[in-house]
Amino acid sequence: MKIGIIGHAEDKFTEETKQKAVSLIRKILYDAARPVSAKVDVGVGQLEITKPTKEVILVSGRSPLGGIDVWAEEIALALDIETDIKAPKQNRWNAEYGYRQRNIDIAISSDILHVIVVEEYPPNYNGRRFPMCYHCNKSDHVKSGACWTAKQALALGKQVVWHIIRTNASIEAEQRANEEEFQRRQLEAEDDERKRQKEQEREEEEEEEQRRYEEESHLFLTIILDMKVHTND
Ligand SMILES: [Zn+2]
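All values derive from a computational prediction rather than experimental measurement.

**Q** Explanation requested: the sheet that holds strand β1 (residues 2–7) in the structure shown.
**A** Backbone-to-backbone hydrogen bonds pair the strands of a sheet. The strands run either parallel or antiparallel. Pairing is parallel in the open sheet, where five strands are placed in the order β5-β4-β1-β6-β7. Both edges of this open sheet fall to β5 (82–85) and β7 (159–165), since each of them pairs with a single strand only. When the angles between neighbouring strand axes are averaged without regard to direction, this sheet yields 25 degrees. Its contacts with the sheet place helix α3 (residues 99–109) against β1, β4 (57–60), β5 and β6 (112–118), and it is angled at close to 145 degrees to β1. Relative to the sheet, helix α4 (residues 145–155) contacts β1, β6 and β7, its axis offset from that of β6 by approximately 155 degrees.

Next comes the structure, spelled out in structure tokens:
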């Protein structure tokens, strides 16, 4: 199986997001190449053996700006995984084998393509910042040429998996916002319950009043009837 791993160049990462990306690449390649135990028929019965999963080959683009491509290549080397590296021959978009042709080659050559992008630009990023990824039409990750390649792969019917690397600060901020929202809803529910109880008390009071009124009317009627009885005497 040919596994494509592509994503941002190094300048889109901080030390923190780089560590997360590297761990993720290691996990993708390790999980794909990990040997599995299998049973084989040896004539006189079955024998349990350990055999590698389908042959794994890493496909990546060796970006001259480093980042995901280069980290994936280094990790594959360390894990003794074969590589099929699509290094651009010209460092520009339109050329004989520039970025465009190289990206198309990656899309064609990969059976599955992993796109690793970050949620937000690093604070010290000096390049051009886009409000959203215009390849994906999404604002949950930073724009990447890897998404362009992924679209080519999708058009070819390949499986594509996007991985969005988030900072701990961003994850914690979301957790805090979720907790605040939960507390707000709980207070709202408590408030509703109090209102419901008040409404119930009011209804009970009204019923009580109605009952008292009926009792009094009955008493009054009894007095009148009594008076009538006396008058008849
Ligand atoms: Zn994208």
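**Q** I keep staring at the environment of Asp111 and nothing clicks. Help me out?
**A** Mapping Asp111 onto the fold places it in the loop between α3 and β6. Judged by the 14 C-beta atoms lying within 10 Å of it, Asp111 falls in the partly exposed class. Counting along the chain gives 79 residues from Asp111 to Ala32, while the straight-line C-alpha distance between them is 12 Å.

**Q** Quick question: what am I supposed to make of the packing of α3 against α4 here?
**A** Packed helices, taken two at a time, are described by the angle their axes make and the gap between the axes. Between α3 and α4, the least distance of the axes is 8 Å, while the angle of their chain directions is 50 degrees. Between α3 and α4, the crossing angle belongs to the class labelled oblique. In this structure, α3 crosses over α4, and the sense of that crossing is right-handed. Along its contact with α3, which presents Tyr99, Asn103, Ile104, Ile106 and Ala107, the element α4 presents Gly145, Trp148, Thr149, Gln152 and Ala153. For the contact of α3 with α4, a count of residues per class yields six nonpolar, four polar and no charged.

**Q** Just to check I follow, could you spell out the pairing of β7 for this structure?
**A** Taken residue by residue, a regular strand's side chains alternate between the two faces of the sheet. In this sheet, β7 lies alongside β6 in parallel orientation, the contact comprising seven bridges. Across the sheet, His114 pairs through a bridge with Val161, a residue of β7. Following the chain from β6 across α4 to the adjacent parallel β7, one finds a crossover that is right-handed.

**Q** Could you clarify how one ought to interpret the nonpolar core in this entry?
**A** As a rule of thumb, soluble globular proteins bury nonpolar side chains together. In terms of nonpolar packing, the biggest core is built from 32 residues, with Ile5, Ile25, Leu29, Ala72 and Val115 touching the most fellow members. Those elements that provide at least two residues to this core are β1, α1 (15–33), β4, α2 (68–78), α3, β6, α4 and β7. If near-sequence neighbours (up to four positions away) are discounted, Val115 is found in contact with Ile6, Gly7, Ala146, Cys147, Ala150, Val160, Trp162 and His163.

**Q** I keep staring at the environment of Asp69 and nothing clicks. Help me out?
**A** Take Asp69: it is sitting in helix α2. Exposure remark for Asp69: the 26 C-beta atoms within 10 Å place this residue in the buried category. Considering only alpha carbons, one finds Asp69 and Ile85, 16 residues apart in sequence, at a separation of 9.0 Å. In this view, Asp69 contacts Ile6, Ser60, Gly61, Arg62 and Ser63; residues no more than four positions away in its chain are not counted.

**Q** Please explain α1 as it appears in this structure.
**A** Side chains three or four residues apart in an α-helix point the same way, a direct result of the helix having 3.6 residues per turn. Helix length check: α1, at 19 residues, gives a terminal C-alpha distance of 27 Å against a target of 27 Å (1.5 Å per residue), a fit within 8%. Those residues of α1 that are buried are in contact with β1, β4, α2, β6 and β7.

**Q** Just checking my understanding: could you explain unusual backbone geometry for this structure?
**A** Note on backbone geometry: most residues besides glycine have negative phi, and most peptide bonds are trans. Of note in this structure, Arg62 is not a glycine but carries a positive phi near 35 degrees. Looking at the element boundaries, Arg62 is found in the loop between β4 and α2. Positive phi, normally seen in glycine, also occurs at Asp80, with a value near 60 degrees. Mapped onto the fold, Asp80 is located in the loop between α2 and β5. The exposed category is assigned to Asp80, around which 7 C-beta atoms lie within 10 Å.

**Q** Explanation requested: the packing of α1 against α2 in the structure shown.
**A** Following both chains from N to C, one finds α1 and α2 inclined at 50 degrees, their axes separated by 10 Å at the closest point. With respect to their mutual orientation, α1 and α2 come out oblique. The chirality of how α1 crosses α2 is right-handed. Where α1 abuts α2, its residues Ala21, Val22, Ile25, Arg26 and Leu29 lie against Ile68, Trp71, Ala72, Ile75 and Ala76. Of the residues in the contact of α1 with α2, the class split is nine nonpolar, no polar and one charged.

**Q** In this structure, what is going on with the pairing of β5? I would like to understand it.
**A** Alignment of β4 against β5, held across four bridges, turns out to be parallel. Directly across from Ile57, in β5, lies its bridge partner Glu82. On the question of chirality, the crossover connecting β4 to the parallel β5 by way of α2 is right-handed.

Rules and cut-offs
Residues numbered from 1 in each chain as written. Predicted model: local features only at pLDDT ≥ 70, side-chain atom pairs only at ≥ 80, totals over all residues. Pairing = 2+ DSSP bridges. Helix = DSSP H or I, 4+ residues; strand = E, 2+ residues; numbered from the N terminus. Axes fitted to C-alpha atoms, helices over the stretch in contact; angles between N-to-C directions. Contact = placed C-beta atoms within 7 Å. Buried ≥ 20, exposed ≤ 12 C-beta atoms within 10 Å, placed from the backbone. Parallel < 35°, antiparallel > 145°, perpendicular 65-115°, else oblique. Left-handed = near helix turned anticlockwise from the far one by under 90°. Nonpolar A, V, L, I, M, F, W, Y, C, P; charged D, E, K, R; others polar. Right-handed = clockwise from strand over helix to strand, strands pointing away. Core = buried A, V, L, I, M, F, W, Y, C linked by C-beta atoms within 7 Å. Expected span 1.5 Å × (residues − 1).

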